[in-house]
Amino acid sequence: MILVTGEQHTGKTGMIMELAQRSQAKGLHVAGIACPGLWDQGHRAGFDLLELDTGHRHVLSRRIQGLRPMPYMFDAEGLRRGRKALSVSRCRDADLVIVDEVGPWELDGGGWAACLPPLLSLGHPEHIWVIRRSLVQTVQDRFQVRGHVVDVNDTNCTAQLLARI
């Protein structure tokens with residue numbers, strides 16, 4: 001288990017997308033999801049969902065003006081596709097499973113939370129979870145995981161991760 005941390009807007013998703021591409025170029029089977037942000041005039045406008053094993057991209061969420069405390073409306077089909085991409089059947093034969101991101105919603109039982117224990121029960125493959133730095137301990141306790149923690153701002157972060165998988 002590898003936990004990739006960093007604050008918001010520090011490039012965690014971009015780094016894991018690069019890691020997925022480089023791992024695939026090495027012949028590794030990569031499964032899971034990345035959730036790249038969408039930007040409009042310097043502001044996050046939402047997120048897409050990228051299925052790492054197929055390359056399919058879907059709407060995950062879009063910003064709704066004035067909506068608080070959660071400023072994003074999640075797309076039901078995007079959530080369904082994300083859960084399917086994180087299913088045991090899709091990840092069982094992978095060398096690497098990436099989950100972007102495990103955050104407050106999962107800690108409250110939503111988002112990808114139901115997918116995580118079955119994936120962990122596989123034992124194999126290697127897991128990389130993206131987690132905000134402030135949530136690392138809470139996520140470790142909630143999902144009973146320990147692992148190597150890498151900050152996205154560490155020198156040669158991608159090379160460090162490639163060396164571990």
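All values reported here derive from a predicted model rather than from experimental measurement.

Points about the overall build of the chain
Consideration 1: Within the chain one finds seven helices and nine strands.
Consideration 2: A compact globule built from 165 residues should have a C-alpha radius of gyration of about 15 Å, and the chain, at 15 Å, falls within 12% of that.
Consideration 3: When contacts within the chain are restricted to residue pairs at least 6 apart in sequence, long-range pairs at least 24 apart make up 60% of them.
Consideration 4: Of the accessible surface of the chain, which amounts to about 8,200 Å², a share of 50% is contributed by carbon and sulfur atoms.

A look at the packing of aromatic side chains
Consideration 1: Evaluation of the coordinates by the stated rule reveals two aromatic pairs.
Consideration 2: Relative to Trp-105, the ring of Phe-74 has its centre 4.7 Å away and its plane inclined at 40°; by these criteria the two rings are tilted. In this pair, Phe-74 sits in strand β6 (residues 72–74) while Trp-105 sits in helix α4 (residues 104–107), placing the two residues 31 residues apart along the sequence.
Consideration 3: Phe-74 sits in the partly exposed class, given a relative accessible area of 25%.

Observations regarding the nonpolar core
Consideration 1: In this structure, Val-99, Val-102, Trp-112, Trp-129, Ile-131, Val-139 and Phe-143 are the most contacted members of the largest nonpolar core, which totals 27 residues.
Consideration 2: Elements that contribute at least two residues to this core include exactly β2 (30–34), α2 (76–85), β7 (96–100), α5 (116–121), β8 (126–132) and α6 (136–143).
Consideration 3: Residues in contact with Phe-143, not counting those within four places in the same chain, are Val-102, Glu-106, Leu-107, Ala-113, Leu-116, Leu-120 and Trp-129.
Consideration 4: Ranked by size, the runner-up nonpolar core spans 19 residues in total, among them Ala-20, Leu-50, Leu-96 and Val-150.

Topic: the layout of surface pockets
Consideration 1: By volume, the largest pocket is sized at about 780 Å³.
Consideration 2: Lining the largest pocket we find 32 residues, and of these Gln-8, Arg-44, Phe-47, Glu-101 and Arg-132 sit closest to its centre.
Consideration 3: Contributions of two or more residues to the lining of the largest pocket are made by α1 (12–25), β3 (37–40), β4 (43–51), β5 (57–63), β6, α4 and β8.

Overview of the pattern of salt bridges
Oppositely charged side chains can pair when the atoms bearing their charge come close.
Consideration 1: Summed over all chains, the structure comprises 12 salt bridges.
Consideration 2: Through salt bridges with shared partners, a single network forms among Glu-51, Asp-53, Glu-77, Arg-80, Arg-81 and Arg-90.

Some points on the pairing of β7
Consideration 1: Burial within β7 is extensive, with five of its five residues counted as buried.
Consideration 2: Because side chains alternate across β7, one face comprises the buried residues Leu-96, Ile-98 and Asp-100, and the other comprises Val-97 and Val-99, equally buried.
Consideration 3: Pairing analysis gives four bridges linking β2 to β7, with the strands arranged parallel. When the sheet's bridge partners are listed, Ile-33 is paired in β7 with Val-99.
Consideration 4: The pairing of β7 with β8 spans five bridges and is classified as parallel. Note that in β8 the partner of Val-97 across the bridge is His-127.

A word on the side chain of Gln-140
Consideration 1: One can find Gln-140 in helix α6.
Consideration 2: Every residue in contact with Gln-140, bar those within four places of it in the chain, is listed here: Leu-3, Val-145, Arg-146, Gly-147 and Val-149.

Reading the values: rules and limits
Residues numbered from 1 in each chain as written. Predicted model: local features only at pLDDT ≥ 70, side-chain atom pairs only at ≥ 80, totals over all residues. Heavy atoms only, no water. Helix = DSSP H or I, 4+ residues; strand = E, 2+ residues; numbered from the N terminus. Rg over C-alpha atoms; globule rule 2.2 N^0.38 Å. Contact = heavy atoms within 4.5 Å. Areas by Shrake-Rupley, 256 points an atom, 1.4 Å probe, with all protein chains shown as cover. Phe/Tyr/Trp six-rings, centres within 6.5 Å; stacked < 30°, edge-to-face > 60°. Buried < 20%, exposed > 50% of the residue type's maximum accessible area, 1.4 Å probe, protein only. Core = buried A, V, L, I, M, F, W, Y, C linked by side-chain atoms within 4.5 Å. 1 Å grid on protein atoms, 1.4 Å probe; cavity = no way out; pocket = protein on both sides within 12 Å on 5 of 7 lines; lining within 4 Å. Points joined across faces, edges and corners; volume = space filled by probe spheres on them. Salt bridge = Lys/Arg side-chain N within 4 Å of Asp/Glu carboxyl O. Pairing = 2+ DSSP bridges.

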